[in-house]
Every structure is written in C-alpha cells, then in structure tokens.
Amino acid sequence: MTLAPEQQERDRPAPGRSFSVTDDWAPAFDALPRSLFLPDLVWAHDMAAGTSRPVDRTTDERAWLEAAAADIPIVTQWDDGAHHGTGPGRVPTSSASQPSLVASMLDDLHAEPGMRVLEQGTGTGWNAALLAHRLGDANVTTIEIDPQVAAQARAALERAGHRPRAVCADGAPGHPPGAPYDRIIATYGLRDIPHAWIGQTRPGGLVLTPFGTHYSNADALVRLTVHRDGTASGPFLRPVEFMKMRSQRLRPPEHPADGGTLARSTTTATLPPHGQFDPFPFAAGLRLPDVTHAVQPHEDGARTLWLYSLTVPAWAAVTFRDGESSHPVRQYGARRLWEEFEQAIAWWHEAGEPGVERLGVTVTPHGWHAWLDDPARPI
C-alpha cells in the first residue's frame with residue numbers, strides 16, 4: 001500500500017506523470033489510469049498525517065480525479081465491508097495502492113510477455129489489468145477473498161477491456177488449476193508465506209510479496225526464487241507497509257491476569273529508534289517472530305516499551321527517560337522477554353545495524369527462517 005520515504009525520493013516521476021514507470025510498463029499505465037478502477041466514494045490517504053478523507057465523485061468530481069491521479073494510497077473499503085457512511089471507518093481493509101509502489105513492484109517482478117502470473121489480492125483490479133495488458137489476459141490469474149471487492153474488480157476489469165481469470169477465494173492455498181506459475185505477486189502483507197505458493201511456482205520462478213512479523217505492522221518487500229527442492233529464498237528489497245492477509249492479522253494478546261510472578265530489574269540498554277520504517281524493529285521481529293510490541297508515550301517525555309509474547313502469557317515493560325542511564329524493567333511470566341530483546345539489540349549492533357537490504361528469508365515446507373547477507377548465515 002505504501003512505500004518507505006526513501007523509496008519515494010528515489011523514484012522520480014516521468015514527464016506528464018506523478019510517478020515513474022519503466023519503459024516496459026509505461027504502455028500499460030498509459031492505457032489504464034487508476035481512475036478506471038475506483039468506486040465513486042473513496043478515502044484519500046494522507047501519509048504524513050496518517051489520516052484518510054472522503055472524496056465522492058458524485059459531489060466533487062474534480063477532487064476525485066485529482067486524488068485518483070495523485071501518488072497516494074486510496075482506501076476503498078473499511079472494516080471488511082461492514083462500514084457505512086462517508087466518514088472513515090475503524091480499519092482500512094481494501095485499497096488502491098500508491099501508484100509509484102504499484103509500478104516499482106511490477107518492475108521488481110521481472111515478468112515478461114507470455115509468462116503466467118498469479119496475483120494474490122485483486123483489490124480494485126488495477127494491478128491485474130496492468131499485468132493482463134502486458135502479459136495477456138490468459139496468462140493472469142487474480143484472487144480476491146472478499147466477494148463484494150471481487151465483484152467490483154471484475155466489473156472494472158471488463159469495463160477496461162480485460163478478462164483475466166478472476167477467482168473469489170482465500171488465496172492461501174494458491175490456485176492449483178492455473179499452476180505452474182512463472183511469477184506470484186501478493187498485494188497484501190504476510191506473516192507466514194504459504195508453502196502452496198512455492199509448490200505452484202516453477203523452479204526458477206519468483207514469488208514477490210510484502211513480508212514481516214507481528215513485532216510491528218511494517219513489512220519489507222521480499223523476492224523469493226523457487227528451487228527444485230521445494231524451497232525458496234531471496235533478499236528483502238525495501239521497506240513497505242501493506243494491509244495484512246485476513247487469516248494472518250494480529251490478534252492482540254490480552255494482558256496476563258495478576259497472580260503470576262512480577263520480576264523487577266534495571267537496564268542500561270538504549271532503545272533503538274522505533275519509527276514506522278526504522279531498521280531495528282523489522283530486524284528485531286525476525287529475531288523474535290512470536291513477539292509484538294507497543295511504545296507508550298508519557299506526558300513527561302518518557303516512553304515505555306511493552307513486549308508481549310504471542311505464544312505464552314508473558315510481558316515486559318521498560319520505561320526510558322532521556323538523560324537517564326538506568327531504566328526500570330518489569331517482567332511477568334515464565335518467558336523473560338526483556339533478556340531476549342537485549343540479545344536482539346546486541347546482535348543488531350554487532351552485525352553493523354543492518355537495514356532490510358542486508359536481510360533475507362528462506363521458506364521450506366516446515367516454515368521460514370531469516371538470514372543476514374547470505375542464506376548460509378541464519379539469524
């Protein structure tokens with residue numbers, strides 16, 4: 001849905017367009033503007049403010065067209081379709097991604113005319129149409145889990161003159177009837193990469209997907225090469241943030257009830273920056289894939305890092321105040337999350353404070369593991 005700021009700065013727009021497109025994909029983008037695939041009522045997302053505002057074509061067509069052409073994400077559904085009215089809903093659940101991100105991901109896919117592509121997450125249908133324009137309708141299969149979203153996308157695709165195979169289903173099992181695919185591309189974030197996708201991609205083919213952990217909502221785009229032994233591996237390309245696959249959304253853990261053992265201590269560790277696209281939170285999640293966190297600001301400028309285990313009842317809380325060298329630690333439960341977190345900080349510093357571009361992941365039939373610089377260096 002959203003590019004990291006540094007990628008936005010790298011992608012300079014071509015003349016006459018608010019975002020850059022490679023020569024291979026320019027004809028598709030010129031023939032298929034995003035406006036062809038948007039409903040009348042959308043919510044334009046302000047990435048700096050983190051807010052969304054309604055834009056209704058029936059009452060302000062000029063503003064609607066400006067939003068459709070802008071290099072911003074546009075929300076098209078809230079709360080899995082349960083939302084009503086013009087105001088923003090609680091949780092955005094379908095969108096038209098930032099056009100520069102769409103363009104860069106299609107370039108990252110390394111798809112060529114004649115290749116067979118499975119798209120996971122049809123959304124508005126725009127990305128499927130771009131693929132179909134370049135590769136041919138018969139070579140594109142797109143899957144959408146939400147029946148209303150799928151129906152709207154299918155109608156938009158037909159109006160645009162394209163009829164790829166559009167399937168309304170859960171994308172986790174892939175789509176065996178169309179396999180093997182040369183490429184699979186996902187337009188939502190994953191916390192576990194379905195091995196069915198690996199099995200339905202030919203050896204040497206690519207799987208391109210946003211991937212991350214429950215430590216934070218951030219993702220990084222990973223490009224996996226599928227091997228003959230049923231595994232796949234590849235590097236992370238850059239930070240992004242997407243809506244998550246519905247079956248893999250985080251269910252926030254409940255704060256464990258009182259009655260257990262509360263341990264108190266102190267630490268001299270310094271908390272690495274925890275902004276949306278800062279490198280440490282993503283790396284920490286790969287070290288601690290079954291941990292989530294929250295940062296609680298205080299009126300006096302202090303901030304408390306909360307860590308929660310997603311597997312056993314356990315939490316840790318550390319309050320940091322600028323200018324103080326020692327910080328109070330509280331931990332509950334059998335798992336000592338702060339000690340694990342300190343080990344992750346030490347590893348990150350010793351590794352040279354890597355960003356996502358030095359990290360990668362390998363997927364096997366039994367799960368996934370991350371690595372640093374090379375698949376032979378698991379973290």
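Cut-off values and rules
- Just so you know, the residues in each chain are numbered from 1, in the order the chain's sequence is written.
- Local features are withheld for residues below a pLDDT of 70 in this predicted model, meaning they are given only at 70 or higher, and side-chain atom pairs are given and counted only at 80 or more; totals for whole chains, interfaces and linings count all residues.
- Computation of side-chain values covers all heavy atoms of the structure but excludes hydrogens and water.
- Helix axes are fitted to C-alpha atoms over the stretch in contact, other axes to C-alpha atoms as well, and angles between N-to-C directions run from 0 to 180 degrees.
- Numbering of helices and strands runs from the N terminus, with a helix taken as a DSSP run of H or I at least four residues long and a strand as a DSSP run of E at least two residues long.
- Here the word oblique covers every angle except those under 35 degrees (roughly parallel), over 145 (roughly antiparallel) and from 65 to 115 (roughly perpendicular).
- Working rule for handedness: look at the near helix, and if it is turned counterclockwise from the far one by less than a right angle, call the crossing left-handed; if clockwise, right-handed.
- In what follows, residue pairs with any heavy atoms lying within 4.5 Å of each other are defined as contacts.
- Each residue receives one of three labels: charged for Asp, Glu, Lys and Arg, nonpolar for Ala, Val, Leu, Ile, Met, Phe, Trp, Tyr, Cys and Pro, and polar for the others, Gly being one of them.
- Just to be clear on terms, a salt bridge is a Lys or Arg side-chain nitrogen sitting within 4 Å of an Asp or Glu carboxyl oxygen.
- A simple rule labels every residue: compare its accessible area, found with a 1.4 Å probe on the protein chains alone, to the largest value its type can have, and call it buried under 20%, exposed over 50%, or partly exposed in between.
- Using only the protein atoms, space was sampled on a 1 Å grid; points where a 1.4 Å probe fits but cannot get out form cavities, open sets with protein on both sides within 12 Å along at least five of seven lines form pockets, and lining residues are those with an atom within 4 Å of a point.
- Grid points are joined across faces, edges and corners, and a volume is the space filled by probe spheres set on the points.
- As used here, the term nonpolar core means buried Ala, Val, Leu, Ile, Met, Phe, Trp, Tyr and Cys residues forming a set that is joined through side-chain atoms within 4.5 Å.

1. Here's the deal with the packing of helix H4 (residues 99–109) against helix H5 (residues 126–135)
Pairs of packed helices are described in terms of their axes, by the angle between the two and the distance that separates them. Following both chains from N to C, one finds H4 and H5 inclined at 40 degrees, their axes separated by 11 Å at the closest point. Between H4 and H5, the angle falls in the class oblique. Every pair of crossing elements has a handedness; the one defined by H4 and H5 is right-handed. The residues of H5 that touch H4, namely those facing Pro99, Val102, Leu106 and Leu109, are Trp126, Asn127, Leu130 and Leu131. Looking at side-chain class alone, the contact of H4 with H5 contains 7 nonpolar, 1 polar and no charged residues.

2. Here we look at the pattern of salt bridges
Inspection of the entire model under this criterion finds 17 salt bridges. Between Arg238 and Asp108 there is a salt bridge, with the nearest N and O atoms lying 2.6 Å from each other. Note that Arg238 is positioned in strand E12 (residues 232–241) and Asp108 in helix H4, a separation of 130 residues in sequence. Judged by relative accessible area, Arg238 falls into the buried class, the value being 6%.

3. Some thoughts on the layout of surface pockets
In this model, the second largest pocket occupies a volume close to 250 Å³. In this structure, the second largest pocket is lined by Pro39, Leu41, Trp43, Thr76, Gln77, Trp78, Gly81, His83, His84, Gln148, Val149 and Gln152. Of all the elements in the fold, those that place two or more residues in the lining of the second largest pocket are strand E2 (41–46), strand E4 (74–78) and helix H6 (147–159). Within the lining of the second largest pocket, the residues separate by chemical class into 5 nonpolar, 7 polar and no charged.

4. Notes on the nonpolar core
Grouped together as the largest cluster of nonpolar side chains are 51 residues, with contacts concentrated most on Leu224, Phe236, Leu305, Leu307, Trp338, Phe341 and Leu359. Here this core takes 7 residues from helix H9 (residues 337–350), the largest share from any one element. Each residue touching Leu224, except ones within four places of it in the same chain, is listed here: Ile193, Ile198, Gly205, Leu206, Val207, Ala232, Ser233, Gly234, Val361 and Val363.

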